[in-house]
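Next come the chains, spelled out residue by residue.
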Amino acid sequence: MGKASKRRTHGGRQAESAATRFARRDARLPLRAVLIALVLIGMAGAVAWFTSGLLMRVEPTGQPGEPARFTKVPDLPDTVGSLPAFERVVTESDRLLRQAIRSGASPDTIGEMAGRLGDLYQANTHGGLAEACYRLATDLTTDNPRWPYLLAYRLQERGEAETVTPLLERTVELEPSYAPAWLKLAENRFKQGEFDEARAAYERRLALTAGDPWALLGLARLAIEVGEWSQAESDLLGAIEAAPQFAALHRLLATVHEHYGQTDAGDASRQRANELGRFYAAPDPWVDGLIAQSFDVDWLLLNVSRYALLDPDLSRVLFDRARSLAPEDPDVYVVLHEHVETLEEARRALETAISLDNSHPMAHMRLGELLYRQGEHDQAVELLRRSIHLGADTADAHRYLGLALTALGRLDDALAALEQAVARAPGDADIHYSLAYALQRAGRQPDSTRELWRVLELNPGHELAARALAIGNSGKEREP
Amino acid sequence: MAPSRFSLLFGLAALAIIILVPWFLVSREADRQGRSVSELISMIMGLRDDRAVSAPVDSRADRRFLERRPIGRSLEGSQPWISHVSIVDLDQDGFTDVVLCDATMNQVSWIRQEAGGSFTERPLGDTILAPAHVTPSDVDLDGDIDLLVAKMGAILPNNDKIGSVVVLENDGQEGFTTRILLDDLARVTDIEPGDFDGDGDIDLVVGQFGYDDGEIRWMENLGGWNFESHDLLALSGTIHTPVGDLDGDGDLDIAAVVSQEWEEIYVFENDGKGMFDRHLVYGATNDDFGSSGISLVDMDLDGDLDVLYSNGDAFDYIPPGPRPWHGVQWLENDGDLGFTYHRIGDFPGAYFANAVDGDLDGDVDVFVVSAFNDWDSPEAASLAWFENDGAMGFTRRILATEPTHLLALASADMDGDGLVDLVTGAMHVSPPYDRMSRVTLWRNTWKDP
């Protein structure tokens, strides 16, 4: 090849070289890009790994990888001894809540679910777990007043006060028409000595429920606490006009009368209070309604008694729930017998209890006592003996056994039973009177008289004993 | 040399990765944990740590360091109602004794300790119906120990005026004469001594539970067993009225726990001359809180008196049973008669608590008895202690599940071994009756692990 050719060739080589380079470069470009991308990806991975390592240090306790809100959801309780229905419901509610957290549901949704799980715990005497759930619900939901209120309620149940105030304030801010929250806030303020704030809260309650006796009572207490006795008196007189059946108002008025030295007026107020009965708490639907979610039969039965005065309808609902949850629990029917109206209904309830558990000591004892009162002494003796054998070894069981035996004329056995009753409760005047009666029936007059004197020593106001002694123990004492 | 285009791009990409990847991860984690990014960064840097802390729970490794033995009379077929126990060397013979209120026998009794640690019981004075509380005090300042006895008249609810303020006056030879200082009162639950007016004699403060009608009064000693009564409060439900210098001004103030529907604690501030200002220092808004007892003790060893407070009363419904909120707390004395509530822990049926250093570690632990636990369960505890971690954090440890129905508790070194022992009294008002006791000595055998 010639020079030109060479040149050409060279030029051609140059051209070829540039093209080749270009071609090679074109070929290397994706390779380099790939390499660079790989390096960057590796770097990203390294950074991510390092960052994750740091984040591991602040991973909240709980299952690795689970969202932190899980740590605020309490572990399921030990449900040994609980009804299977409770275990099912609580497990499912807990599962759904965790699933919502895991799936990134909105805070409001999670909060509502946590609150409802809290309700379930609160209703079933797992207060600590309820508290944790209500905290989560209160933190996450901004517009539901129930959660701060129920959290406040749970805290005040355990006696806390200071931490309760802001929760109650948040409640009334969200739901200014919920009168129980104003009352709770007023009482909480009053008991912390914040009298002005308490007065304002009582007045808000009164504005919502005109003539409310609890608010009026609170205002009168406030007046007394700051030494405004005349204000307290006029508050109470007005309150009694608005709520004449509320015993606590009369009782506090008696205190005011006594402060002024008006003894007779004080006595009259006190007597009126005693006629009207005991103090009872104000209704609180958000709280009272929770108990109806309970699967704890013992707790339901206890609240049957607790609400019998305050809210008989709720008391009935609770009882029905207890019976539907545990229709074969004899305790349900033992409680029922205390709340029915007739002796026949009480008897049927106790007979049902015994048919469900023939070794229930208290059911036997109560039925034995009831049959004694109905004059069925043979059966009463049988039931009372069995109740004692089963473990109801109480003074009352021995006493009613003794009385039933006395009625049957089996006086030696009766006296033995009554001696047993006295041994168990030597300070009980009524038991000594029963013994005196049996001794008199047995013709042991001096012993009977001695027992009657013992009755009066124990209870100087015992009218039957006094009368028996007055008529000379002539065999005309009234049957106990 | 100027960086190539590739180098520049590479650098920018690397920078983006270094910044954006951690930002993305931290943001996502912050959202997951419900925190702000800055919070999380603070935590990563160790500037903050607010991860969940587990609440103290019952120890799995309970230490049963109390040896129990019944003292005094045996059960003798009765279902005892011991309403109070108090520890005192009544005959001042160097051996610590126990005095108690027996509401079954309607008597105050003395369980005398003799050499060798044997105990014998004998009744003191006349019949006293439903004695609720006995407080040793040399009320007539004659050098021997008399007994102040709160007579309820009936343990179970009653609105009648059947209570009395009773003194069992010691003749110096442990012969006791019954003196009734005040009669026909709403049921009396506590009498405590103190010189409230600074005249050198012993006055009394009297708590009257009543039922719906109760009171608190102080009785000024006029000499010759004459007392003048001064009303302090007219509310039902007073249980205890301990006496101490709560405001640190050198005179004796009175604290009182008022249960029933009130559930409040009052302090009656003394001016040193027997004029009292009333302060409501605490109140639970749970009207079924079940206040059951208070005592005054320096819980945090800061030199002032705090209030140790139990809530576990359940006499109000039949059958009596525990509530989920029963337990023990203390009210920290902040000065100026301000108090801060601190929960110590839950304990169903908690009836009375004593603050003592049970394990000799220099802090104050809390022992507590239960009268109203779920006795159908064999695991229901009747005696527990809350061990203090030294920073007023408490862990509950169960000490006994039987005997059941423990209502009264007192503590002192009964055997002179330097360890504080316990004495309990049981009130068996309801079934079951299969794990009964009357008065029990719990000897402390603590040895450091």
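Residues numbered from 1 in each chain as written. Chains lettered and ligands numbered in written order. Predicted model: local features only at pLDDT ≥ 70, side-chain atom pairs only at ≥ 80, totals over all residues. Heavy atoms only, no water.

K.L.:
Any details on the pairing of strand β17 (residues 264–270) of chain B? Residues and values, ideally.
P.N.:
All names here are of chain B. Here β17 lies mainly inside the structure; six of its seven residues are buried. As paired strands, strand β16 (residues 253–258) and β17 are joined by five bridges and run antiparallel to one another. Bridging from a neighbouring strand, Val-258 pairs with Glu-264 of β17. Here β16 folds back onto β17 in antiparallel fashion, the turn holding five residues, of which Gln-260 has a positive phi close to 50°. Of the strand pairs in this sheet, β17 and strand β18 (residues 276–283) are connected by seven bridges, and their pairing is antiparallel. Opposite Tyr-266, over in β18, you have Leu-280 as the bridge partner. Between β17 and β18, which pair antiparallel in sequence order, lie five residues; one of them, Gly-272, sits at a positive phi of approximately 95°. (Buried < 20%, exposed > 50% of the residue type's maximum accessible area, 1.4 Å probe, protein only. Helix = DSSP H or I, 4+ residues; strand = E, 2+ residues; numbered from the N terminus. Pairing = 2+ DSSP bridges.)

K.L.:
Tell me what's going on with the packing of helix α15 (residues 297–310) of chain A against helix α16 (residues 312–325) of chain A, and back it up with residues and numbers.
P.N.:
Between two packed helices, what matters for the description is the angle formed by their axes and the separation of those axes. Residue and element names in this part refer to chain A. Where α15 contacts α16, the two axes come as close as 7 Å, and the packing angle between them is 160°. If you check the angle between α15 and α16, you find them roughly antiparallel. Note that α15 runs across α16; the crossing there is left-handed. Counted together, Val-297, Leu-300, Leu-301, Asn-303, Val-304, Tyr-307, Ala-308, Leu-309 and Leu-310 of α15 and Pro-312, Leu-314, Ser-315, Leu-318, Phe-319, Arg-321, Ala-322 and Leu-325 of α16 form the full contact between these two elements. In terms of residue class, the contact of α15 with α16 is made up of 14 nonpolar, two polar and one charged. (Axes fitted to C-alpha atoms, helices over the stretch in contact; angles between N-to-C directions. Parallel < 35°, antiparallel > 145°, perpendicular 65-115°, else oblique. Left-handed = near helix turned anticlockwise from the far one by under 90°. Contact = heavy atoms within 4.5 Å. Nonpolar A, V, L, I, M, F, W, Y, C, P; charged D, E, K, R; others polar.)

K.L.:
Summarise the packing of aromatic side chains; cite the residues concerned and give the values.
P.N.:
Each aromatic ring pair is summarised here by two numbers: the centre-to-centre distance and the angle between the ring planes. Under the definition given, this model contains 27 aromatic pairs over all chains. Consider the rings of Tyr149(A) and Tyr178(A), whose centres lie 5.5 Å apart with planes at 85°: the pair is edge-to-face. With Tyr149(A) in helix α6 (residues 146–157) and Tyr178(A) in the loop between α7 (164–174) and α8 (179–191), this residue pair connects regions lying 29 residues apart in the sequence. Classification of Tyr178(A) as buried rests on a relative accessible area of 9%. Centre to centre, the rings of Trp218(B) and Phe276(B) are 5.7 Å apart; their planes meet at 65°, and the pair counts as edge-to-face. Linking Trp218(B) in strand β12 (residues 215–223) with Phe276(B) in strand β18, this pair joins segments that are 58 residues apart in sequence. Three or more aromatic residues link up through ring pairs in this structure, and these residues are Trp214(A), Phe246(A), Phe279(A), Tyr280(A) and Trp262(B). Across from the ring centre of Phe295(A), 4.7 Å away, lies the NZ or CZ of Arg321(A), which sits over that ring. Above the plane of the ring of Tyr400(A) lies Arg399(A), whose end atom (NZ or CZ) is 5.4 Å from the centre. (Phe/Tyr/Trp six-rings, centres within 6.5 Å; stacked < 30°, edge-to-face > 60°. Lys NZ or Arg CZ within 6 Å of the ring centre and 35° of its normal.)

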